[in-house]
Amino acid sequence: MTEPLNLRALELVEVALPLVRPFRTSFGEETVKRAILVRADGGDVEGWGECAASAEPRYSEEWLDGVWLALREHLGRALLAGGAISDPEEVGHRLAWVRGHRMAKAALEAAVADAWLRANGLNLAEYLGAARDRVSCGVSVGIAATLDELLEEVHGYLARGYRRVKLKIERGRDVEVVRAVRAALPDTPLSVDANAAYSPADVPVFEALDELGLVMIEQPLDHEDLVEHARLQSRLRTSICLDESIRSVRDAAAAVELGACRIINIKPGRVGGLLEARRIQDFARLQGIPVWIGGMLETGVGRAVNVALAALPGVTMPGDTSASDRYFPEDLTAPFVVDPDGTMAVPSGPGIGATPHPGRLERCRVRSAGVAGF
Ligand code: OSB
Ligand code: MG
């Protein structure tokens, strides 16, 4: 039997952490990681969750200031209104009346799950049904100014053991760059991520990439266009992996049925929470669809959840779960480390197995606010 969580209050904390190097995608460049953290106050225990939303609504329609309001005005209050929380599943039920706002919901669910698990002396990965205590790590590499810089960065990651390298591409910086990296690294598992930057008229770009032995091509087309992804997939040998297009297990089922992808990138924020993420993993396992856990440049708070999900049995490919030092000079939590064999330990402590260091949290804090119940 598990104890319910007596959720007393919620606190929102916005943090800003400098990145070790700018992260450039087809959306633009980030030099600082801004994130909203949620602290769930359960009296004797507290829990932390991180919201994946970025400063601007480019990757998703959610963005940081919008999330702040959604949490304060609707989601936080709705969660607090229902009394003690019997288990993490209940968060989704209480918030179901709010349409969308998946990243905001996911942050609340993670904070509550962390507090509830701690109150019950349980660990997240175990609670979810983890199949392993170490996970396989890949790395997502931003668009670089020159090929030499890109190759130097990639070589650095390979020397640290990363098992798969994902190159961000955009129009005009695609086939030539990837061909050159492939020539330099004939045996490295390589993939590309277009972040929805292309249109069906760009088939020749993908036909050229199809010759380069990539593990996958991630989100080539518009996030709302499963049919065009299916058409493109039918013309390529390389597997398409969907990221932005998959917001729920329903989307995953539709994409698979249409043949819009052969691989799925699961991010708990994008799909509305870690439990929906697990449902997608369950679905994929039953269907024999390979999946992996993506990332949103999370601090250790969000990374802990990603790494726990990566330990689930249906997750069969290395994820974008890289080490803390790939992102930040100093993480908010104890650092996540990738061993020379390209694996990372799954946190095994109570809750998500990570907590923000109070001093670092204070140094990174931009603003905070409480959420009162109804
Ligand atoms: O498309 O996977 C993506 C980061 C921010 C937004 C979208 C994406 C990414 C990454 C980085 O690729 C993954 C990571 O290292 O966290
Ligand atoms: Mg992606």
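Scroll up to find the structure this text is about.
Residues numbered from 1 in each chain as written. Chains lettered and ligands numbered in written order. Predicted model: local features only at pLDDT ≥ 70, side-chain atom pairs only at ≥ 80, totals over all residues. Heavy atoms only, no water.

A.B. asks: What am I meant to see in the sheet that holds strand β9 (residues 240-242) here?
C.D. replies: Strand pairs in the sheet, formed through backbone hydrogen bonds, run parallel or antiparallel to each other. The strand order β5-β6-β7-β8-β9-β10-β11 describes an open sheet built from seven strands, whose pairing is parallel. Unpaired on one side and paired on the other, β5 (139-141) and β11 (291-293) mark the two borders of the sheet. Ignoring strand direction, the axes of neighbouring strands in this sheet form an average angle of 25°. The pairing of strand β6 (residues 165-168) with strand β7 (residues 190-193) spans four bridges and is parallel. Paired with valine 165 across the two strands is leucine 190, which belongs to β7. (Pairing = 2+ DSSP bridges. Helix = DSSP H or I, 4+ residues; strand = E, 2+ residues; numbered from the N terminus. Axes fitted to C-alpha atoms, helices over the stretch in contact; angles between N-to-C directions.)

A.B. asks: Sorry, what's going on with empty space enclosed by the protein here?
C.D. replies: A water-sized probe, rolled over the atoms, reveals where empty space remains. Per the stated rule, a full pass over the model turns up two cavities of 30 Å³ or more. Volume-wise, the largest cavity comes out at about 150 Å³. For the largest cavity, the lining is made up of 18 residues, of which Glu50, Pro268, Gly269, Val305 and Asn306 are closest to its centre. Partitioned by chemical class, the residues of the lining of the largest cavity number eleven nonpolar, four polar and three charged. When residues of the lining of the largest cavity are sorted by domain, at least three fall in each of domain 1 (9-121 + 355-371) and domain 2 (126-345). One number sums up the size of the second largest cavity: a volume of about 30 Å³. What lines the second largest cavity is Ala52, Ala53, Ser54, Glu56, Arg58, Tyr59, Ser60, Glu62, Met103 and Met296. Within the lining of the second largest cavity, the residues separate by chemical class into five nonpolar, two polar and three charged. (1 Å grid on protein atoms, 1.4 Å probe; cavity = no way out; pocket = protein on both sides within 12 Å on 5 of 7 lines; lining within 4 Å. Points joined across faces, edges and corners; volume = space filled by probe spheres on them. Nonpolar A, V, L, I, M, F, W, Y, C, P; charged D, E, K, R; others polar. Domains from an automatic or database assignment.)

A.B. asks: Even after reading the chapter, I still don't get the sheet that holds strand β13 (residues 365-371), so can you show me in this structure?
C.D. replies: Strand order in the open sheet made by the four strands is β3-β2-β1-β13, with antiparallel pairing throughout. Among the strands making up the open sheet, the edge pair consists of β3 (46-50) and β13. Strand-to-strand twist of the sheet, defined as the mean angle between neighbouring strand axes without regard to direction, takes the value 25°. The pairing of strand β1 (residues 9-25) with strand β2 (residues 28-41) spans 13 bridges and is classified as antiparallel. Paired with valine 13 across the strands is leucine 37, a residue of β2. Packing of helix α1 (residues 64-81) onto the sheet brings it into contact with β1, β2 and β13, and relative to β13 it is tilted by some 25°. (Contact = heavy atoms within 4.5 Å.)

A.B. asks: Teacher, can you tell me more about the environment of histidine 357 here?
C.D. replies: Within the secondary structure, histidine 357 sits in the loop between β12 (343-345) and α12 (358-364). Exposure remark for histidine 357: the relative accessible area of 37% places this residue in the partly exposed category. When the C-alpha atoms of histidine 357 and alanine 334 are compared, they prove to be 7.6 Å apart, with 23 residues separating the residues in sequence. (Buried < 20%, exposed > 50% of the residue type's maximum accessible area, 1.4 Å probe, protein only.)

A.B. asks: Teacher, can you tell me more about the packing of aromatic side chains here?
C.D. replies: Note on aromatic pairs: each is described by the distance of the centres and the angle between the planes. In the structure shown here, the tally under the stated rule is five aromatic pairs. Considering the side-chain rings of tyrosine 198 and phenylalanine 206, the 5.1 Å spacing of their centres and the 75° angle between planes classify their relative orientation as edge-to-face. Each member of the pair, tyrosine 198 as well as phenylalanine 206, is classed as buried. Relative to phenylalanine 328, the ring of tyrosine 327 has its centre 5.8 Å away and its plane inclined at 40°; by these criteria the two rings are tilted. Each of the two residues, tyrosine 327 as well as phenylalanine 328, counts as buried. When the ring centre of tryptophan 292 is taken as origin, the NZ or CZ atom of arginine 164, which lies over that ring, is 4.8 Å away. Cation over ring: arginine 367 sits above tryptophan 68, and NZ or CZ is 4.0 Å from the ring centre. (Phe/Tyr/Trp six-rings, centres within 6.5 Å; stacked < 30°, edge-to-face > 60°. Lys NZ or Arg CZ within 6 Å of the ring centre and 35° of its normal.)

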